[in-house]
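# Observations on the three-dimensional arrangement
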Amino acid sequence: MAFVLTLLGSLLACGLEMLEALAIVLAVGITRRFRDALIGAAGAAVALAVLALILGPVLISRVPLESLRIVIGAFLLLFGLEWLRKGVLRLAHLRSPSSSFREFVEEQEELESLAMPPEGRPDWAGRTIAFKGVLLEGVEVILIVTALAAHPEGLAPALIGAGAAILIVIAVGLFLHQPLSRLPETHLKYLVGVVLSSFGVFFASEGLSVHWPGSDAALLYLAAGFALLSQAQIHVLARRAPVPA
Amino acid sequence: MTTLSQLRKLILGETWSLPIGVLVSLGIAALIREVAGPDGWWHHAGGYVLFGLVAVALTVSLTSALRRR
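Model, not experiment: these values are computed from the prediction.

### Examining the overall build of chain B
Secondary structure summary: chain B contains three helices and zero strands in total. Going from N to C terminus, chain B has its helices and strands arranged as α-α-α. For chain B, with 69 residues in total, the buried portion stands at 30%.

So this is what it looks like as structure tokens:
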């Protein structure tokens, strides 16, 4: 059970974050030059790989198991509840729906106002924007995967999920842009919020000496609890949302 | 927006109410555990207490988001 949920959480969280990074890289590539966009993205990927190599072993070897579970739980709660909060507001029509396609179009419009360097000269503006976009989205990916991978038997599903997410996002990138605009991002991000929040409560509680009845199966009823709670919140908030004219 | 503030937004989120809520929830849970002892009722029911505290934190954060509108 924990294997499937870890894989699902890692796959969806990484996929959605990388989709946002992809939108930025594509916007830079299409508006300016693909070579510079890819150089910027590759630089960020190297920086993220270094961060992952440092963060994982340091967390696992330096922090005692009980404290580690609380730290992991706190991080997962921070990410999960934020995704859940935004998901509730979006589904209650109090916030605009999530759309990597819209971000792609906005980024493209912004980039068009920047002057292009002459042919043969590096485009540092384009490289910097691609680097920053991939780095910022990637930091969240690294933290989520590290947190999911740090619990016992979590490494394999977290890495498989992240690996699958990379392949899916590359495939989406190859067939852009129609699939990007068709993805139900708001619902997927809401689902990630439910999964990560459930893991957060589960790990943090274990770090605080709690024994969950049914062991890993507790993740299921925690997810059901978060889904019920958030659906009730959506229902209440939607009634207070302004009616479109 | 600077890179540092973007990074803060990515890790802590858009609001302060949620990270503070998570911190307070974990703090209260740790306090109850200390009072109740790790082997008593807390061992079996502490998880539900934390879930309840986190649910309150999420609700408070949503309410403050609605109030700001």
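### Digging into the overall build of chain A
Counting secondary structure elements, chain A contains nine helices and zero strands. Mapped in sequence order, the helices and strands of chain A form the string α-α-α-α-α-α-α-α-α. Whereas a compact globule of 245 residues would reach a radius of gyration of roughly 18 Å, chain A reaches 20 Å, a difference of no more than 12%. The principal-axis extent of the C-alpha atoms belonging to chain A is close to 65 × 55 × 25 Å. The buried share among the 245 residues of chain A stands at 48%. Excluding contacts between residues fewer than 6 apart, the proportion of contacts in chain A whose partners are at least 24 apart in sequence is 88%.

### Focus on helix 1 (residues 2-31) of chain A
Between its terminal C-alpha atoms helix 1 of chain A stretches 43 Å, which fits the 44 Å expected from 30 residues at 1.5 Å a residue. The buried fraction of helix 1 of chain A is high, at 24 of 30 residues.

### What to know about the nonpolar core
With 86 residues, the main nonpolar core has V25, L76, L77, A130, V145 and A204 of chain A as its most contacted residues. A total of 17 residues in this core trace back to one element, the largest contributor, which is helix 1 of chain A. Here L77 of chain A is in contact with S197, G200, V201 and A204 of chain A together with V22 and V54 of chain B, once residues within four sequence places are set aside.

### Focus on the confidence of the model for chain B
Residue and element names in this part refer to chain B. Of all residues in chain B, 88% attain a pLDDT of 70 or more, and the chain-wide mean is 86. The least confident element of chain B, judged by mean pLDDT, is helix 1 (residues 3-12) at 70; the most confident is helix 2 (residues 17-36) at 93. Interface predicted TM-score (ipTM) for the complex: 0.90; the corresponding pTM is 0.78.

### A short note on the packing of helix 8 (residues 185-207) of chain A against helix 9 (residues 218-240) of chain A
Residue and element names in this part refer to chain A. Here helix 8 crosses helix 9 at 125°, and the two axes come no closer than 9 Å. On the basis of the axis angle, helix 8 is oblique to helix 9. Crossing angle aside, the handedness with which helix 8 passes helix 9 is right-handed. Residues V194, V195, S197, S198, F199, V201 and F202 of helix 8 lie in contact with helix 9, whose contacting residues are A218, L219, L222, A223, F226, A227 and S230. Among the residues making up the contact of helix 8 with helix 9, the classes are represented as eleven nonpolar, three polar and no charged.

### As for helix 9 of chain A
Under the 1.5 Å per step criterion, the end-to-end length of helix 9 of chain A is 33 Å for 23 residues, consistent within 8% with the ideal 33 Å. Looking at the packing, one finds that the buried side of helix 9 of chain A touches helix 1, helix 3 (65-91) and helix 8 of chain A together with helix 3 (41-68) of chain B.

### A look at the interface of chain A and chain B
Tallying the contact residues gives 30 residues for chain A and 31 residues for chain B. At the level of elements, helix 3, helix 5 (124-149), helix 8 and helix 9 of chain A are the ones that each hand at least two residues to the side of chain A that touches chain B. In terms of residue count, the dominant contributor to the side of chain A that touches chain B is helix 3 of chain A (ten residues). Residue composition of the side of chain A that touches chain B, grouped by class: 20 nonpolar, five polar and five charged.

### Comments concerning the confidence of the model for chain A
Averaged over every residue, the pLDDT of chain A is 83; the share at 70 or more is 94%. Mean pLDDT per element in chain A: helix 7 (residues 178-182) of chain A is the minimum at 59, and helix 9 of chain A is the maximum at 92.

What counts and what doesn't
Residues numbered from 1 in each chain as written. Chains lettered and ligands numbered in written order. Predicted model: local features only at pLDDT ≥ 70, side-chain atom pairs only at ≥ 80, totals over all residues. Helix = DSSP H or I, 4+ residues; strand = E, 2+ residues; numbered from the N terminus. Buried ≥ 20, exposed ≤ 12 C-beta atoms within 10 Å, placed from the backbone. Rg over C-alpha atoms; globule rule 2.2 N^0.38 Å. Contact = placed C-beta atoms within 7 Å. Expected span 1.5 Å × (residues − 1). Core = buried A, V, L, I, M, F, W, Y, C linked by C-beta atoms within 7 Å. pLDDT = per-residue confidence, 0-100. Axes fitted to C-alpha atoms, helices over the stretch in contact; angles between N-to-C directions. Parallel < 35°, antiparallel > 145°, perpendicular 65-115°, else oblique. Left-handed = near helix turned anticlockwise from the far one by under 90°. Nonpolar A, V, L, I, M, F, W, Y, C, P; charged D, E, K, R; others polar.

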